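The chain contents come next:
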Amino acid sequence: MMSTREGAHIEQPVVQAEGLVRSYGEIRALREVSFSIPAGSVVGFLGPNGAGKTTAIKVLTGSLAADQGCARICGYDVEAQAQEARASIGYLPENNPLYPEMRVDRFLRFSWQAQQVEGASEDCGQAIERVVEATGLSSVYRRAIGDCSKGYRQRVGLAQALLRDPPLLILDEPTNGLDPLQVVEIRELIRRLGRTKTVLLTTHVLSEVEALADRVLLIHQGRKVADDTLETLTSAGDGRLVQISVQAKPERLESVLRTLRLEIVQLRPSVFGLEESARGLVRVTSFTGEQLVSISRAVQEAGLPLLELAPHAGGLEALFQSLDTAGGVSVSTEAQA
C-alpha cells in the first residue's frame, strides 16, 4: 500500500510497465509500451500474431530484459529485484511444460522444491493440498501426467503456478487444444481464481475474453492501441471507435495514401487501421475520434470527398478485423514486429 499526503491509502498496481522497448536486431517487438493492472482485475491481453504479446510476457516474467523502460510486479522491479518479482507470479506458458512420466503428486512436490519456496506460510504438503482442491485434481492425484486428459494436464499446470499462492497469474493460451467441455471447465476454474487473484490472460479466442475479462489490453505492431473495459471498447455510441472514409481517383490514390500515412505516423497508437480498395475508397479506423480531426483536415486540404465519419461497432471481432487491415497497408516507417 502507498500513502498520500492526506494520509489516505491507494493500492499499488500488481503490474506496472513503463515505456517498454525491445528489439530483435532490426525488428522492434515492443515500442514504448506502458500500462498498469490493479489488484483484482482479469485482463485479456490481446493482439494479432506478431503483435508483441509474447515478448511483453517474457519481460514481465523476467525471462527477457527490456532494451528500455522498466516493469514492476507488486512493486518489485523485474530486473533489480528479480527473485521477489518472480515469487509474486504464477505462470502457465502456452506450451505447458510437464513431465508425462511423473505422477501428479510427485510433480507438484518436485515443482515446490524447484521453486525454492522460502518463508512460506505453509509447508509443501499444505500447499499441494490447497492447489489440488483449487484445481480439482483429487481424482487424478496419483495418476501419471501422461495418462491424464489434456484438460487435466492444464489443471496440473495451473496447480504448479498456484503453489506459492502468488497475487498474479499469467496464463498464456490456457484453453489451447482443449475440447469444448474442457474449455468450459478451465474457464470456470479461471473465473474462480479471478475472485482472489489478478489474472493476465493471453488468448486468440475472443469469446474467452468476453466470458472472463473485465478489461482488455490490446497491442498491435508492438504498440499499445487500447486499454479499457470491454464494454467501453466495443460500444458504438461513445465515440471510442471511429471510422473515416474518403474517395480518391485511382490516379491520386498513391498520393492520398502517402498523405494519410504521414498523418497516421504522428497519431499512432490512436490510429491503427488504414485500408484501401482498388476503387479508390480509403478507410481509417481509430480508437479515439478526436485524433481523426487531423486526418479529416488533411483530406479536406487535398480536396477529397469525405464519405463517412461515424462510430464503428461490432465488438472484439470488429477490432481485430480493423487491426488486420492495418497489416495490409504499412502505416509506419519502422520495421514491424
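The following paragraphs examine the structure supplied in this document. (Residues numbered from 1 in each chain as written. Predicted model: local features only at pLDDT ≥ 70, side-chain atom pairs only at ≥ 80, totals over all residues. Heavy atoms only, no water.)

On a plain count of helices and strands, the chain comes out with 11 helices and 16 strands. Counting the 337 residues in the chain, one finds 47% classified as buried. Look at the contacts in the chain between residues 6 or more apart in sequence, and 69% of them connect residues 24 or more apart. Accessible surface computed for the chain: about 16100 Å², of which carbon and sulfur atoms make up 46%. (Helix = DSSP H or I, 4+ residues; strand = E, 2+ residues; numbered from the N terminus. Buried < 20%, exposed > 50% of the residue type's maximum accessible area, 1.4 Å probe, protein only. Contact = heavy atoms within 4.5 Å. Areas by Shrake-Rupley, 256 points an atom, 1.4 Å probe, with all protein chains shown as cover.)

Bringing the pattern of salt bridges into the picture now. The tally for this structure, following the rule as stated, stands at 12 salt bridges. With its nearest N and O atoms 3.8 Å apart, the salt bridge here joins Asp67 to Arg22. In this pair, Asp67 is assigned in the loop between α1 (53–60) and β6 (68–73) and Arg22 in strand β3 (residues 15–24), connecting sequence segments 45 residues apart. Residue classification places Arg22 among the buried residues on the basis of a relative accessible area of 16%. Note that Lys197 and Asp165 form a salt bridge whose closest N and O atoms lie 2.4 Å from each other. (Salt bridge = Lys/Arg side-chain N within 4 Å of Asp/Glu carboxyl O.)

Let us look at the nonpolar core. Formed by 33 residues in total, the largest nonpolar core has its most connected members in Val104, Leu108, Leu137, Val156, Leu169, Leu171 and Val199. Breaking this core down by element, the ones donating at least two residues are α3 (104–114), α4 (124–135), α5 (150–162), β9 (168–172), α6 (180–193) and β10 (198–202). Residues contacting Leu108, with those up to four places away along its chain left out, are Ile128, Val131, Val132, Val156, Ala159, Gln160 and Leu163. (Core = buried A, V, L, I, M, F, W, Y, C linked by side-chain atoms within 4.5 Å.)

What follows is about the packing of α3 against α4. A pair of packed helices is characterised by two quantities: the angle between their axes and the separation of those axes. In the contact formed by α3 and α4, the axes pass within 10 Å of each other and the chain directions differ by 125 degrees. Looking at the two axes, α3 sits oblique to α4. As for how α3 packs across α4, the hand of that crossing is right-handed. Of the residues in α4, those touching α3 at Asp105, Leu108, Arg109 and Trp112 are Cys124, Ala127, Ile128, Val131 and Val132. Residues that form the contact of α3 with α4 fall into these classes: seven nonpolar, no polar and two charged. (Axes fitted to C-alpha atoms, helices over the stretch in contact; angles between N-to-C directions. Parallel < 35°, antiparallel > 145°, perpendicular 65-115°, else oblique. Left-handed = near helix turned anticlockwise from the far one by under 90°. Nonpolar A, V, L, I, M, F, W, Y, C, P; charged D, E, K, R; others polar.)

What follows is about the sheet that holds strand β12 (residues 223–228). Read from one edge to the other, the open sheet built from six strands follows the order β8-β9-β10-β5-β11-β12, with strand pairing classed as mixed. One side of each edge strand has no neighbouring strand; the edge strands of this open sheet are β8 (89–92) and β12. Each strand of the sheet is rotated relative to its neighbour by a mean of 15 degrees, with strand direction disregarded. Taken together, the five bridges between strand β11 (residues 215–220) and β12 define a ladder with antiparallel strand orientation. In the strand pairing of β12, His220 is matched with Arg223. α1 rests against β5 (42–46), β8, β9, β10 and β11 of the sheet, and its axis sits at about 130 degrees to β5. (Pairing = 2+ DSSP bridges.)

Let us now look at the pairing of β3. Examined bridge by bridge, β3 and strand β4 (residues 27–37) share seven bridges and lie antiparallel to one another. Looking across to β4, one finds that Gln16 is bridged to Ser36. Taking the residues that link successive antiparallel strands as the turn, the β3-β4 hairpin has two residues, and the phi of Gly25 there is positive, at about 65 degrees. Sheet analysis places β3 next to β6, joined by five bridges and oriented antiparallel. Residue pairing in the sheet places Glu18 in a bridge with Cys70 of β6.

We now examine unusual backbone geometry. A positive phi is found at Cys74, a non-glycine position, where the angle reads about 55 degrees. Within the element layout of this structure, Cys74 appears in the loop between β6 and β7 (76–77). Residue Gln221 is not a glycine yet carries a positive backbone phi of 50 degrees. Structurally, Gln221 is set in the loop between β11 and β12. Taking relative accessible area as the criterion, Gln221 reaches 5% and is therefore assigned buried.

A word on the sheet that holds β4. Read across the open sheet, the four strands follow the order β4-β3-β6-β7; overall the sheet is antiparallel. Two strands in the sheet have a free side with no partner beyond their single neighbour: β4 and β7. The sheet contacts of α1 involve β3, β4 and β6, and relative to β4 the element is tilted by about 60 degrees.

Let us look at the environment of Leu163. Relative to the helices and strands, Leu163 resides in the loop between α5 and β9. In the structure, Leu163 is positioned 35 residues away from Ile128 in sequence and 6.8 Å away in space, judged by C-alpha atoms. The residues contacting Leu163, other than those within four sequence positions of it, are Leu108, Ser111, Trp112, Gln115, Glu122, Ala127, Ile128, Arg130 and Val131.

Relative to each other, α3 and α5 sit at 30 degrees, their axes nearing to 9 Å. Of the possible angle classes, the one that applies to α3 and α5 is roughly parallel. The way α3 lies across α5 gives a crossing that is right-handed. Here Val104, Phe107, Leu108 and Ser111 of α3 lie close against α5, whose contacting residues are Val156, Ala159 and Gln160. Of the residues in the contact of α3 with α5, the class split is five nonpolar, two polar and no charged.

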